[in-house]
Structure formats: C-alpha cells, structure tokens
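Breakdown of the fold
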Amino acid sequence: MDQLSPEPPPPPGPDGRSAAPLDDLDHAIIRELRADGRLSMRALAERVSVSRSNAYARVERLVAEGVITGFTARVDPVRAGLGTAAYVLVNIEQNSWRKVSAQLRKMAHIEHLAFVGGDVDLVMLVRTPDNASLRDVVLARIHAVEGVRATRTWLIFDETPPEELRHEERS
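Described in the following lines is the structure provided in the data block. (Residues numbered from 1 in each chain as written. Predicted model: local features only at pLDDT ≥ 70, side-chain atom pairs only at ≥ 80, totals over all residues. Heavy atoms only, no water.)

Right, let's get into unusual backbone geometry. Positive phi values are uncommon outside glycine, yet Asn 95 reaches one of about 65 degrees. Within the secondary structure, Asn 95 sits in the loop between strand S1 (84-92) and helix H4 (97-105). Since its relative accessible area comes to 74%, Asn 95 is described here as exposed. A positive phi angle, near 80 degrees, is found at His 109, a position not held by glycine. (Helix = DSSP H or I, 4+ residues; strand = E, 2+ residues; numbered from the N terminus. Buried < 20%, exposed > 50% of the residue type's maximum accessible area, 1.4 Å probe, protein only.)

What follows is the structure, encoded as structure tokens:
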C-alpha cells in the first residue's frame, strides 16, 4: 500500500510500469468521459469513431484496471453554497503524516489534499460558505489536529474549472 491511498497500488506490468499503457483511443475515451460522464456508449462510440462494443469493452477495461475510478457530477461550488475557496498550505511535525492525513480526510470542507515536497508538507483546497467558516476550518479545526505546526492560507479570488481549461490534443 502506498503512503496515501487506502487501496494497494496495482502490481507492475510486464514492463515494470505501474500505470496501464494507454493508446490514443483510450485517451480519447477518457477525454470524452471527462467532458460528460453521462455519455451513452452509443454516443461515446460515435465521438471516438469505434463500434459500440469496442467502446464498451475499452471502458470496462479502463474501469477494471483502475484507470477510470468512478463517474461523478461536476458541481458549481458557488451555487452549492461554497463561495469562499482557499489553498491552505500546512507544515507538519516529522513522522506525523499518517495521523495528520487520517484526521484531515475526515474534515468537512477539505475538497483536495496533497502531500508535496518543498517548503510545505501539504496543500489543501478548502471550500466554505464564507470567510468566517474558512477562519473556523483553518484556525479551529486544522490547527487542532495533532502534528500540525503551521498553516498559510491563500484566498482564491477566481478560478477556471478543469473542464474549461484548454489542453493540447494528443497526436
């Protein structure tokens, strides 16, 4: 089991890689499903120019291999009542990352948590209804976690959702 994932990583393939080898069609399928996870197999097949059975088989393989881990709805955080967003950078005590991670994973309003290398140990995306709630999450809840030494909070003024970012197509 790796440091952060609750499930063990997949065994390495015959070439020693832990990631499944993906071809251009796999990437096209993933791109279409990221844009619309409710896409029917028929529509998916049409968009990537393969038969429905081929599209279905590819999606099933991508799910079975853990490349696709689920299908979710994209939610507008402001319309969902979470109009204040911030990146919270956290420094922790050495060797406390397991306990800190376990506590933070249970905490409301933390949307994303990543252990990183560099000047800080953790970067978190926190979404709350307002600034008072953000203050409570950071100063009362995160600072109360045993092993947390310090935080820095970067308020997000505006953001571009992932689906609106322009990515260069793979060739």
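With that settled, consider the nonpolar core. What tends to happen in soluble globular proteins is that the nonpolar side chains get buried as a cluster. Of all hydrophobic cores here, the largest spans 17 residues; its most connected members are Val 88, Val 90, Val 100, Leu 104, Met 124, Val 126 and Ile 142. Mapped onto this core, the elements with two or more residues apiece are S1, H4, strand S3 (122-128) and helix H5 (131-142). Other than its neighbours up to four places away in sequence, Val 100 contacts Ile 92, Leu 122, Val 145, Glu 146, Gly 147 and Val 148. Formed by 13 residues, the second largest nonpolar core is a distinct cluster that contains Ala 28, Ile 29, Ile 30 and Leu 44. (Core = buried A, V, L, I, M, F, W, Y, C linked by side-chain atoms within 4.5 Å. Contact = heavy atoms within 4.5 Å.)

This paragraph deals with the pairing of S1. The buried count for S1 comes to eight of nine residues, which makes it a mostly enclosed element. Bridge analysis of S1 against S3 gives seven bridges, and the strand direction is antiparallel. Among the inter-strand pairings, Val 88 is bridged to a residue of S3, identified as Met 124. Bridge analysis of S1 against strand S4 (residues 148-156) gives eight bridges, and the strand direction is antiparallel. Each bridged residue has a counterpart across the sheet, and for Leu 89 the counterpart in S4 is Arg 152. (Pairing = 2+ DSSP bridges.)

Strand order across the open sheet formed by four strands is S2-S3-S1-S4, with antiparallel pairing between neighbours. Of all strands in the sheet, those with a lone pairing partner are strand S2 (110-115) and S4, marking the two edges. Ignoring which end each strand starts from, the neighbouring axes of this sheet average 20 degrees apart. Against the sheet, H5 engages S1, S3 and S4, with an angle of about 165 degrees to S4. (Axes fitted to C-alpha atoms, helices over the stretch in contact; angles between N-to-C directions.)

Take the packing of helix H2 (residues 41-48) against helix H3 (residues 52-64) next. Close contact between H2 and H3 brings their axes to 8 Å; oriented N to C, the two are set at 100 degrees. Between H2 and H3, the angle is such that the two are roughly perpendicular. Along its contact with H2, which presents Met 41, Arg 42, Leu 44 and Ala 45, the element H3 presents Arg 52, Ala 55, Tyr 56 and Val 59. Counted by class, the contact of H2 with H3 contains six nonpolar, no polar and two charged residues. (Parallel < 35°, antiparallel > 145°, perpendicular 65-115°, else oblique. Nonpolar A, V, L, I, M, F, W, Y, C, P; charged D, E, K, R; others polar.)

Enumeration according to the criterion identifies ten salt bridges in this entry. Notably, a salt bridge pairs Asp 26 with Arg 58, separated by 2.9 Å at the nearest N-O pair. Of this pair, Asp 26 sits in helix H1 (residues 24-35) while Arg 58 sits in helix H3; the two residues are 32 residues apart in sequence, bridging distant segments of the chain. The burial state of Asp 26 is the same as that of Arg 58; both residues are buried. The partner of Glu 46 in a salt bridge is Arg 42, with the nearest N and O atoms 3.5 Å apart. Here Arg 42 and Glu 46 lie together in helix H2, a separation of four residues that amounts to about one turn. Among the residues examined, Glu 46 registers a relative accessible area of 54% and is labelled exposed. Classification of Arg 42 by relative accessible area gives exposed; the value is 55%. A network of salt bridges, in which partner residues are shared, links Asp 23, Asp 26, Arg 58, Arg 61 and Glu 65. (Salt bridge = Lys/Arg side-chain N within 4 Å of Asp/Glu carboxyl O.)

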